[in-house]
Amino acid sequence: MTGTGRNVSLCMMLGLFGLFLIHASGDDSPPGKLSSAPHHDQMRQLQAFKASLVSGSAISPSPSPQQQVVSGSRVYHVTDYGADPTGKSDSTEALDKAIADAFQGPSEGFLMEGITNLGGVQIYLEGGNYLLSKPLRLPAAGAGNLMIHGGTLRASDDFPADGYLIDLSSTTQEEMKEGSSSDLNSELASSSSSYNYEYITLKDLLLDCNYRGGGISVVNSLRTGIDNCYIAHFTSNGILVQGGHETYIRNSFLGQHITAGGDAGERNYTGTAINLMGNDNAVTDVVIFSAAIGIMASGQANTFSGVHCYNKATGFGGTGIYLKLPGLTQTRIVNSYLDYTGIVAEDPVQLHISSSFFLGDAFILLKSINGVANGVSIVDNMFSGSNKGVEIVQLDQSKVPFTQIDQVVVDRNNAKGMNIKATVARGSTEGNGSSWTVDFSPVLLFPNLIKHVQYSLSSSRGGVFPNHVLRNVSENRVVIESDLAVPANVFVTVDQSLST
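Computed from a predicted structure; not experimentally measured. (Residues numbered from 1 in each chain as written. Predicted model: local features only at pLDDT ≥ 70, side-chain atom pairs only at ≥ 80, totals over all residues. Heavy atoms only, no water.)

Q: So what's going on with the overall build of the chain? Residues and values would help.
A: Each helix and strand in the chain was counted, giving six helices and 30 strands. Split into buried and exposed, the 500 residues of the chain put 47% on the buried side. For the chain, the accessible area works out to roughly 23,200 Å², and carbon and sulfur atoms hold 52% of it. (Helix = DSSP H or I, 4+ residues; strand = E, 2+ residues; numbered from the N terminus. Buried < 20%, exposed > 50% of the residue type's maximum accessible area, 1.4 Å probe, protein only. Areas by Shrake-Rupley, 256 points an atom, 1.4 Å probe, with all protein chains shown as cover.)

Given below as C-alpha cells:
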C-alpha cells in the first residue's frame with residue numbers, strides 16, 4: 001500500500017473512532033448541555049489511540065512484564081518477578097528468578113576465556129527493601145558483565161549464620177566452604193587459570209546482615225566492582241574477597257553497629273569489615289565505623305587509599321588495618337585516616353605507608369614472626385596523641401627479635417603529643433674534653449642498630465688540631481673520642497636503613 005493509501009485508511013479509522021466516542025458518551029449529557037470533562041477524556045483517548053496506530057502497538061497483543069524484560073530491555077526489574085519491595089515477605093525466590101533470566105538472555109561473546117559476556121545486564125532493585133532467607137547467588141560460574149544495584153537487601157531472622165547476602169562463589173566452592181578451608185584453598189590454587197565471574201558490579205546497595213553472617217563474598221573472581229554500598233550488622237565479614245584478583249571497593253561505608261563514634265558498646269565490637277584473601281585489590285574512599293578489625297589483608301599487592309577507620313579503638317583491642325602476610329607484604333597505604341585505631345604489619349616486606357593521619361594515640365606496629373623487616377617506608381605521616389608517651393611506630397618482638405633488617409625507612413613524620421621514632425636521626429653535643437656521646441636510643445626504632453654514621457667535630461681552640469675517631473655505636477649511642485682534651489661541638493647523623 002502506498003503512503004497516501006495508508007494515510008487515508010488511518011484518517012478513516014480515526015474518524016470512525018471519534019464518532020464512536022461521541023455516540024458512546026453523548027447519551028450521558030442532558031440535551032442542550034455540553035460536558036467538558038467527557039470531552040477531554042474523549043480527546044485523550046483519541047490521541048492515545050492515534051499514537052498506538054502510528055507506533056503499531058495497537059495491532060499486537062501486550063506482552064507480560066516478564067516477556068518485556070527478556071525480549072527487550074536488558075534491565076530486569078525484580079518486582080516483575082514478585083519481589084516484595086516493602087520487606088515484609090521473603091523475596092529470595094523472586095530475585096533468584098530475575099538473575100536466572102538475566103543469565104539466559106542474549107550474550108555478547110566472551111570476556112576472559114570461558115567467561116560469557118552477558119552484555120551489561122542489570123538486576124534493578126527499584127529502591128525497594130527485600131528480605132532474604134538465604135544467600136543470593138548467581139546460577140552458574142563462567143559469566144560476567146552484570147550489575148546488581150539500587151536497593152536494600154536484609155537478612156531474615158533465619159538467614160544462615162555463616163552465609164553472605166550476596167555470594168559470588170560457585171556451587172563446588174560453596175560445598176567446600178562447608179567442609180575444610182584447606183579444600184577450598186586447594187580448589188582456588190588448582191583453578192588459578194580460570195575464574196568464576198568477571199566484571200560483576202554491585203552498586204548503590206544497602207546490605208543489612210541482621211547480625212547473621214556477612215554482606216558480600218567474592219570468591220575466585222576477576223575485576224569485581226563494589227561501589228557506593230552501605231554494609232551493616234555483619235558478624236563475620238562485611239566483605240570477603242578470597243582468591244581471584246582485582247576487586248575494587250570504592251565509596252562505601254561499613255560497620256557492625258551503626259554509630260558515629262563514641263559508642264558505649266565499642267569494647268564488644270567483633271567481625272572484620274573487609275577481609276582480603278586475594279591479590280591486586282584496591283580499597284578507595286571507604287569509611288569503616290565499627291568492627292574489631294577494619295581491614296584484614298592476607299594477599300599481596302593491595303592498595304588502600306582514602307580509608308577512614310574508626311572501628312574498635314586500639315585501646316580496646318581493635319585494629320584499623322591488619323597486614324597478615326609475613327615475608328611478602330607488597331601493600332601501599334596512602335592518604336588514609338586511622339582514628340584511634342592503628343596498623344599492624346607482620347614481618348613487613350615491601351610496605352609503604354605515607355601521607356596519612358593517625359589520631360588518638362593510634363600508631364603503627366611492626367610485628368616480628370620470623371624476624372624480617374625489608375623494604376619498608378613509613379614517611380610523611382602525621383600523628384596526634386594525648387601526651388602519654390606513646391611512640392608513633394612500635395615493635396612487637398615478643399616471639400623473636402627482628403634480625404633481618406634492610407631498607408627500612410621511618411622518617412619525615414611529625415607528631416604532636418606522641419613520641420617520634422625513626423630510622424634516621426640527627427643530634428649534637430658540646431663539651432670540653434676528649435670524649436663526646438650522643439644518645440639516639442630514645443629516637444631510633446630498632447635497638448642497638450646503627451648501620452651508618454656521619455659526624456663533624458669543631459673545636460674553638462685555635463692552633464689545635466686534635467685527632468678524633470668514632471669509637472663506639474653500641475646501644476644506639478655514638479661515642480667520639482680525640483687524642484687531646486679540647487672544647488668542641490660534635491654533630492652526628494645516624495641511619496639504620498642502609499645496607500651493610
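Q: Lay out the packing of aromatic side chains in plain terms, naming residues and giving numbers.
A: Under the criterion given, the structure shown has five aromatic pairs. Taken together, a centroid distance of 4.5 Å and an interplanar angle of 10 degrees make the contact between F358 and F383 stacked. Of the two residues, F358 sits in strand 20 (residues 357-359) while F383 sits in strand 23 (residues 382-384), which places them 25 residues apart along the sequence. F383 carries the same exposure label as F358, and that label is buried. What links up through ring pairs into an aromatic cluster is the set Y230, F253 and F289. (Phe/Tyr/Trp six-rings, centres within 6.5 Å; stacked < 30°, edge-to-face > 60°.)

Q: Help me get a handle on helix 4 (residues 92-104), residues and values and all.
A: Along its 13 residues, helix 4 runs 19 Å from first to last C-alpha, staying within 8% of the 18 Å computed at 1.5 Å per residue. Turning to helix 4, its buried residues are T92, A94, L95, A98, I99, D101, A102 and F103. (Expected span 1.5 Å × (residues − 1).)

Q: Give a detailed account of the confidence of the model for the chain, specifying residues and quantitative values.
A: Summarising the model, the chain shows a mean pLDDT of 85, and 81% of its residues fall at 70 or more. Overall, residues 1-44 carries pLDDT values under 50, and its contacts beyond four positions in sequence, including any with other chains, amount to 17 contacts. Contacts from residues 175-193, a stretch scored under 50 in pLDDT, to residues over four places away or in other chains number 18 contacts. (pLDDT = per-residue confidence, 0-100. Contact = heavy atoms within 4.5 Å.)

Q: So what's going on with the pattern of salt bridges? Residues and values would help.
A: Once their charged atoms are close, side chains differing in charge can pair, the charge on each being opposite to the other. Enumeration according to the criterion identifies ten salt bridges in this entry. Here D167 ties to R137 by a salt bridge, and the two come within 3.5 Å at their closest N and O atoms. A residue pair is termed long-range when its members are at least 10 positions apart, and D167 in strand 6 (residues 164-168) and R137 in strand 4 (residues 136-137) qualify at 30 residues. Relative accessible area serves as the criterion here: at 2%, D167 is assigned to the buried category. Taking the shortest distance from any N to any O, the salt bridge between R412 and D380 comes out at 2.9 Å. Taken as a pair, R412 in the loop between strand 25 (404-411) and strand 26 (414-416) and D380 in the loop between strand 22 (372-379) and strand 23 lie far apart in primary sequence, 32 residues in all. The exposure class assigned to R412 is exposed, which follows from its relative accessible area of 51%. Overlapping salt bridges, with partners in common, bring together E198, R223 and E246 in one network. (Salt bridge = Lys/Arg side-chain N within 4 Å of Asp/Glu carboxyl O.)

Q: Kindly report on the side chain of E346, identifying the contributing residues and their values.
A: By secondary structure assignment, the location of E346 is in strand 18 (residues 343-346). For E346, a relative accessible area of 5% translates into the label buried. Side chain to side chain, E346 and Y322 meet in a polar contact 2.6 Å long. Reaching out from E346, the side chain makes a polar contact with the side chain of K324 at a distance of 3.3 Å. In this structure, E346 is in contact with Y322, L323, K324, L325, P326, G327, T329, K367 and I369, ignoring residues within four places of it in sequence. (Polar contact = N/O pair within 3.5 Å; in protein donor to acceptor, adjacent residues only side chain to side chain.)

Q: Can you tell me about the nonpolar core, naming the residues and giving the values?
A: Inside soluble globular proteins, nonpolar side chains tend to come together where they are buried. One finds I274 and F304 to be the most contacted residues of the largest nonpolar core, which totals 89 residues. With six residues, the top contributor of residues to this core is helix 4. Excluding its chain neighbours within four sequence positions, the residues that come into contact with I274 are I239, I249, L254, V283, V286, I288, G294, I295 and M296. The next biggest cluster of nonpolar side chains, apart from the first, holds 14 residues, and it includes W436, F440, L444 and I450. (Core = buried A, V, L, I, M, F, W, Y, C linked by side-chain atoms within 4.5 Å.)

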